[in-house]
Structure formats: C-alpha cells, structure tokens
Amino acid sequence: MSHDQIHPAPRNPLTRYIFSTDHKVIGVQFLFSGLIFMLLGGLMAMAIRWQLGWPWKPMPILAKWLWSAPNLGGQMPPEFYNKLVTMHATIMIFFVIIPILTGAFGNYLIPLMIGARDMAFPKLNMFSYWIMWPGFAFLIWSFYVEGGSSEAGWTGYPPLSTMKWASPGSLNGQTLWLLALLCAGISSLSGSINYITTIVMLRAPGMKMLRMPMTVWALFITALLQAFALPVLTSGLLMQTLDRVAGTNFFSPVGGSVGNAPGVVGGGAPLLFQHLFWFYSHPAVYVMILPAMGIASDVISTFSRKPLFGYKPMVIAMGSIAGLGFIVWGHHMFQSGMNPALAATFTVSTMMIALPSAIKVFNWIGTMWGGRVQFTTAMLHAMAFVSMFIIGGLSGIFMAATPVDVHIHDTYFIVGHIHYVLFGGSMFAIFAATYYWFPKIFGRMMNERIGWIHFGLTFVFMTGTFFFMHVVGWHGHMRRIPDPTVYKFLSEPGVVWMNQFMSVCAFGLGIVQVLFVGNFFYSLVLGPVAGPNPWKANSLEWTTSSPPPHYNFETLPQVFHPPYEFSLPGSEDDYLPQTSPLPPNITLDPIMA
C-alpha cells in the first residue's frame, strides 16, 4: 500500500481514543500519563524535603494518611524515607521524563516533522503505550504489599535488592519494582524500533537526513541509544528477578546472609549488576537530555528568528555525545575497587563528553546572538534549559575525576548535579515543548502571562532548591539518610538552615506547578483558537491544521530546504516553510540544499 493513501479516523470511540494506533493519540496518552506520575513523584519529593528540613517532625495533614502509626506520633518511619527516595527517582526517570520526552513528543512529532502519515508500525506503537500500564500497576501495587515498596534506591544494587530480609522493601516490593521497570523497558525498546524505522523509511519527498529538524535528529539518536543499550539493562533486571524468585545466584555472593537468615549458596557477583545497570543507565541520562537538546534547538531558532547556528556540527555533537555515552559507565563505580589505570580511561572518556556538549552550548548562544529574540514562555524555558545545562554539565566534570569523585561520591553534590541536569535541563525542556507545541496538539493557545509567571517562579524556586545541594554536598552531607543532624558536622546551624531553605523552596516549586496545570486545562477548553502556524515556524508540522487531521497531511509535502531559514534577505516574511522553494537569489550548502 502506498503511504500516500489517506483514510478517516475510526468511528468507534474505543479504537479512536483508547486503543488507538494514531501516533498523535498515543503521544497525548503518554503526555497525560507522564503528567499524572509527575504529580506523584513531585509529592514524594516534597515529603523527602520535609523530613530533611525538619527531621522527625510530623508533616501537617499528610502524615496521618501516608505513614503515621500511633506509636510514632506522626513521625516518618526511616524505612518509609528510603521508599520515598527510591520511588521518587524511579517514577521521575522511568515514568515521567523518558515517557514524556520520547514517548509523548517523540510519538506526536516524528511523523509530522518528517512528513509521514503515521509511524511505520502503528500497532507496535499502541503496544508500546499499553505495556506501560502493567508497569504503572506494579509500581502502585508495591506500596500495598507486605514490607511496602522497594527501598534499594533507583539503582537496585544487590545484595540489598536480592536478599529478601535485607530491608522491608526487599520483600515483595522489590520484585514488583523489577517487573515495573521491565514493562517500561519493553515500552522504550518497542518505541525505539518504531522511531528508527519511521525516520529511515517514511520521510517525505525531499526530506534528506540533513534537512530534518534537530528534534527529529535528537529523537533518532536517542532511539539508537535505547535500541543498543536497553537490552543490557533488561538482562540485568531479568537476572535479578530470577535471583529473587527462582533461586538463581547471578548476583548473590558465596554464603551471603542478612538478618540471621541461612547463608545462600551464592557464587554470583554483586558488582556484575552495577556494570549491567550503568551500561544502560548512563546512556539513559542522554536519553533524558538529547531530546531536550533537540527541542531547545528548534525553539531557540524559531524565537531568535535566525537560522540555527552550526546545524551540522550540532548533529555531529549529538552523535558524539551518544557514542561516548557507551564508554563512560565506569565513572559511577570508582568506589568499587577499580584498577586505577581503568579508572583513568573512564576519567578521560567522561571528560571528552564536555567537548561536544560545549559545541552545542556555543551554537545555542550563537543562534541567539544578534537575533530578534522573542521572549515567549517557550523561549524562556528553552533559555533556562541552556543555562541550567551549563551548570549541571560543569558540575559533572568534577565527578569525572577519580580523586574528586572519591570525596563527593554519595553526597548531596551528586544530587544537586543530577537535578540541575534532569530538572533544570529535562523539565525546562518539557515545559518549553509543552508551551511551544500545545497549539499544534490541542488547537488552542496557552496563556502567555500565566506562563511567564510560572516560568519566573519555577526558575527562582528551582535554583533555591538545588543550588545549595552542591554546598552541603561539598561539606560532606550524605544522601539517603533521613536525619542528617545525627552527625555533628551536619547539625551546625548553617547546614540546618540550608536544608530548611531548600525545603521551603521545594514546597514553593511544587505549589507553583498549580499555575502550569491550571493554564494547561484552562487553555485546553477556553484558550484562543490557534491557527496552523501561530509561531511562524518552518518545520512541516506547522504546514498542516492545528490539531492535524487523522492522516496528518492532505497530500504528502515536498521539502525544499532545512527548517531554519529565517530572516532570508529579499524574502517578504521572516520565515520560509520547508514546503516553499528558496528564493532564486539564495544558495545553500549543497549537502543540505
């Protein structure tokens, strides 16, 4: 069948809106699921900050519903704190950031931006969403089983995670945690196969690889990362599941025992799981940041009204970041007794990632430099992404150096770094993408004034929450402890004050998101109607109606040039859609033209 054929949307509501094979519906399903879990993960973060700011003080209102037992007087039990830390990270990484950036925006945008009618495998696409639901169920169910949810951290290191009596959460909760992650992994792998095939096979006439928007390039490279790295983590999760339910000993040491239980036969290697975990989970950081880089590139170019500075170097830089991401996992394991010569290789390879990262930052700044910058809400979030990525990236270089990492490992310096990358980076990009593509997805505009207020307060409270983590971390503040004041050097007034200040800012950060939620749903119903191209952008999704029809395009578009031709000399408008030929007096790079 020619992919130029069109057909109407199914009339049955069940196949049109729920079990749909339409990439746009699936993208919206991923978006709403991710936002719901963002609320859950955010509430957990605030509970963590309450405990760190005011250790053992009953949390107003929520304490009696969430964890209170009469004999504790409303205090948070230490094991519940460990559950919160574990589940907050698990939810935000595997069920919020990755599903929204790659699942929601990847699904919605890839066919539209390359000029295709749908994904290459629509039913596999539907499967990639619905396989997440058993994962959702396992995750929620784990809070209600004996011992509660997992407490082994989002890394799930053995033997804490494999020995059932190591902690309450190591009972059934850890098994459900493993099953939830397996479902999320199958979803990501299914999606990556679809993305790669769609981008390679279904591009519109004239859409050369070097004419694709940076968002598509980022999602393409991200899909390759997932396709090659995810099977390794999946193997590790399956092996740990077998250790727990089938009596195998992949990760259990000889004679290992906890809680006076009989020693296990063992023979496995706990360190093996760390290798398997980080071989995927370090690239997973790039799975969470590369799509954000692509989104920021498109938003910055559009609202700077300038061509993207250094398109090809940016593509090469993203590919380099992904390639290097495969050979740096060992820097998470400097504490494991690694041979210093091997550690030195991981140090060098990790530091090399700074080079392509710096190229991208330079090019974003170069794009804005001299442009007619429009400070829309989407642009503000994209600019915040760049600035926060710089801070998060620079603090990451410290960890690449083995002697420094030995000092700051497992401290709040690491927590501050990862949150600058993932909240300051990925979350600002998610906000930028939502404000930018909301008119295309829902056909209405979000309120810009509320968006500015939301951005300003989010930026201030985000900085107040995460910046001081570097300071207390450098001071030796350990992570994953419910009461830092038991250590004299952490009970000094300065450290206590910073913990309480960070907690207050975290509550502010959470409350401010009410503005975003309110703006989102208000605009969904009462926002001004958006035209096909409210931002005067060039990429293909803006050449069809808002929202697009079921088949995306009346006729498949013909592409004549890259999507960043803004402010061309001699052109009537300051933008030129990819479907419009270049003016006769303009000559582009022959590779891209």
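See the structure printed just above.
Only a predicted model underlies this, so the values are computations on that prediction, with no experimental measurement involved. (Residues numbered from 1 in each chain as written. Predicted model: local features only at pLDDT ≥ 70, side-chain atom pairs only at ≥ 80, totals over all residues. Heavy atoms only, no water.)

Draft legend 1. Main features of the packing of aromatic side chains. Tallied over the full model, the rule gives 56 aromatic pairs. Each ring, one from Trp364 and one from Phe389, has its centre 6.3 Å from the other, and the planes form 85 degrees; the classification is edge-to-face. On the criterion of sequence distance, the pair formed by Trp364 in helix H12 (residues 354-368) and Phe389 in helix H13 (residues 377-400) is long-range, its members being 25 residues apart. For the pair formed by Trp364 and Phe389, the shared burial category is buried. One aromatic cluster in this structure is built from Phe19, Phe30, Phe37, Phe95, Tyr129, Trp130, Trp133 and Phe136. (Phe/Tyr/Trp six-rings, centres within 6.5 Å; stacked < 30°, edge-to-face > 60°. Helix = DSSP H or I, 4+ residues; strand = E, 2+ residues; numbered from the N terminus. Buried < 20%, exposed > 50% of the residue type's maximum accessible area, 1.4 Å probe, protein only.)

Draft legend 2. A look at the pattern of salt bridges. For the structure shown, the criterion picks out six salt bridges. Asp22 is paired through a salt bridge with Lys24; the nearest N and O atoms lie 3.1 Å apart. As far as the burial class goes, Asp22 and Lys24 line up, both buried. Each of the salt bridges in this network shares a partner with another, and the network as a whole consists of Arg305, Arg372 and Asp574. (Salt bridge = Lys/Arg side-chain N within 4 Å of Asp/Glu carboxyl O.)

Draft legend 3. Looking closely at the nonpolar core. Residues Phe95, Leu290, Met293, Trp364, Phe385, Tyr436 and Trp437 are the most contacted members of the largest nonpolar core, which totals 162 residues. Ranked by residue count, the leading element in this core is helix H4 (residues 78-114), at 24 residues. Excluding anything up to four places from it in sequence, Trp437 contacts Phe105, Leu109, Met113, Thr215, Ile295, Glu541 and Trp542. (Core = buried A, V, L, I, M, F, W, Y, C linked by side-chain atoms within 4.5 Å. Contact = heavy atoms within 4.5 Å.)

Draft legend 4. Up close: a nonpolar patch on the surface. Among the surface-exposed residues, Met351, Ile365, Trp369, Ile390, Leu394 and Ile397 lie close enough to one another that they form a single nonpolar patch of about 580 Å² accessible area. Take the nonpolar patch: its biggest share by element is three residues, from H13. Structurally, Ile390 can be placed in helix H13. Residue Ile390 is classed as partly exposed on the basis of its relative accessible area, which comes to 31%. (Patch = residues over 30% accessible without salt bridge, like charges linked within 9 Å, V, L, I, M, F, W, Y side chains within 5 Å. Areas by Shrake-Rupley, 256 points an atom, 1.4 Å probe, with all protein chains shown as cover.)

Draft legend 5. Here's a closer look at helix H2 (residues 23-53). The end-to-end C-alpha distance of H2, which contains 31 residues, comes to 44 Å, matching closely the 45 Å that a straight helix rising 1.5 Å per residue would cover. Two or three places before Lys24, at the opening of H2, Asp22 has a side-chain oxygen 2.9 Å from that residue's backbone nitrogen. (Expected span 1.5 Å × (residues − 1). Polar contact = N/O pair within 3.5 Å; in protein donor to acceptor, adjacent residues only side chain to side chain.)

Draft legend 6. Spotlight on unusual backbone geometry. Between Pro158 and Pro159 the backbone carries a cis peptide bond, its omega angle lying at 5 degrees. Residue Pro547 is reached from Ser546 by a cis peptide bond, and omega for that bond is -10 degrees. As for its placement among the helices and strands, Pro547 is situated in the segment after helix H17 (493-526). For Asp410, which is not a glycine, the phi torsion comes out positive at approximately 60 degrees. Within the secondary structure, Asp410 is located in the loop between helix H14 (402-408) and helix H15 (412-442). Accessibility expressed as a relative area gives 34% for Asp410, which makes it partly exposed. We note that Ser567 has phi near 50 degrees; this positive angle belongs to a residue other than glycine.

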